[in-house]
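Topology and contacts: notes
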Amino acid sequence: MTYVFDAPSVPALPIRGSDKLYPVHRIYCVGRNYADHAREMGHDPDREPPFFFQKNPDTIVQSGGDFPYPDKSENVHYEMELVVALGKGGKDISRNQALDHVFGYAAGLDMTRRDLQGAAKKTGRPWEIGKAFDFSAPCSEIVPAVNIGHPSKGRLWIEVNGEIRQDSNIDQLIWDIPETISYLSGLFTLSAGDLIYTGTPAGVGAIVRGDQIKGGVEGIGEIRISVT
Ligand code: MN
């Protein structure tokens, strides 16, 4: 059988040290996974645990690419995040076995139409229009875990036009990587190709057309995008 029209292409990311591509299946994101960011958004991290939402896989932008300022928003924010790239899927994965499912890591941006997200929160509506829009998931190349191991600490930072805006460490994650994978696998069947954006620390802020964004996670990699 053939498709009635050409099947959409598979979103993919380069892999450091390899000429193969990493095919992206789903994108999961953790909300409020750093206490200081939960507080800056007006929430109490001691009373409200992190949670999940999703972005569409074809919203990936490779490092070095352009981020076209999206329509229907006057307040678009960057959120610098550690990204976990799964190489193996499963359901009800235990914390002890979680890291066996990781292919590698990357540095990603959870771009957010903050005004639309805020309106959705107020009315109790879903977050898609604030979070899952076109070009909303820039991501660096994937660094295989076989080369760098499984990091539990490392500086996470972002600069806009050379000025530091977020400066934290992945050891500040409320849900660490095994915990995140284990919890998520109880809610969804995870798959090879799934990316998990693990959340952002304090210091999120607005960008404008012409901004040059550069960020990274120590020991993993860097990402650069231009706002056009
Ligand atoms: Mn985020």
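In this report, the structure presented in the accompanying data block is examined. (Residues numbered from 1 in each chain as written. Predicted model: local features only at pLDDT ≥ 70, side-chain atom pairs only at ≥ 80, totals over all residues. Heavy atoms only, no water.)

Time to look at unusual backbone geometry. Unlike most non-glycine residues, Arg-32 shows phi in positive territory, near 55°. With relative accessibility at 15%, the residue Arg-32 sits in the buried group. The backbone of Lys-72 sits at a positive phi, close to 65°, despite the residue not being glycine. Residue position: Lys-72 is located in the loop between strand 6 (66-67) and strand 7 (76-78). Taking relative accessible area as the criterion, Lys-72 reaches 73% and is therefore assigned exposed. (Buried < 20%, exposed > 50% of the residue type's maximum accessible area, 1.4 Å probe, protein only. Helix = DSSP H or I, 4+ residues; strand = E, 2+ residues; numbered from the N terminus.)

Side-chain positions along a regular strand alternate between the two faces of the sheet. When strand 13 (residues 155-160) meets strand 14 (residues 163-169), the two strands line up antiparallel, connected through six bridges. Within the sheet, the bridge partner assigned to Glu-159 lies in strand 14 and is Ile-164. (Pairing = 2+ DSSP bridges.)

On to the nonpolar core, then. Within the largest apolar cluster, 40 residues are counted, with the highest numbers of intra-cluster contacts made by Leu-109, Met-111, Ile-181 and Ile-207. Within the second largest apolar cluster, 18 residues are counted, among which are Ala-120, Ala-137, Cys-139 and Leu-195. (Core = buried A, V, L, I, M, F, W, Y, C linked by side-chain atoms within 4.5 Å.)

Summarising the metal site, the manganese ion is bound by the protein donors Glu-79 (OE), Glu-81 (OE) and Asp-110 (OD), whose distances to it range over 2.0 to 2.1 Å. Look at where the donors of the manganese ion fall in the sequence and you get E-x1-E-x28-D. Like Glu-81, Glu-79 is buried. (Donors = N, O, S within 2.8 Å, 3.2 Å for Na, K, Ca; no water.)

This next bit is on the pattern of salt bridges. Here the structure, examined in full by the defined rule, presents nine salt bridges. Salt-bridge contacts for Arg-155 lead to Asp-167; the nearest nitrogen and oxygen are separated by 2.8 Å. Note that Arg-155 is positioned in strand 13 and Asp-167 in strand 14, a separation of twelve residues in sequence. Taking the relative accessible area as the measure of exposure, Arg-155 reaches 32% and is therefore partly exposed. With a closest N to O distance of 3.6 Å, Arg-165 and Glu-163 form a salt bridge. Among the residues examined, Arg-165 registers a relative accessible area of 31% and is labelled partly exposed. Where salt bridges share partners, they join Lys-55, Glu-79, Asp-110, Arg-114 and Lys-131 into one cluster. (Salt bridge = Lys/Arg side-chain N within 4 Å of Asp/Glu carboxyl O.)

This is a description of form; function is not addressed.
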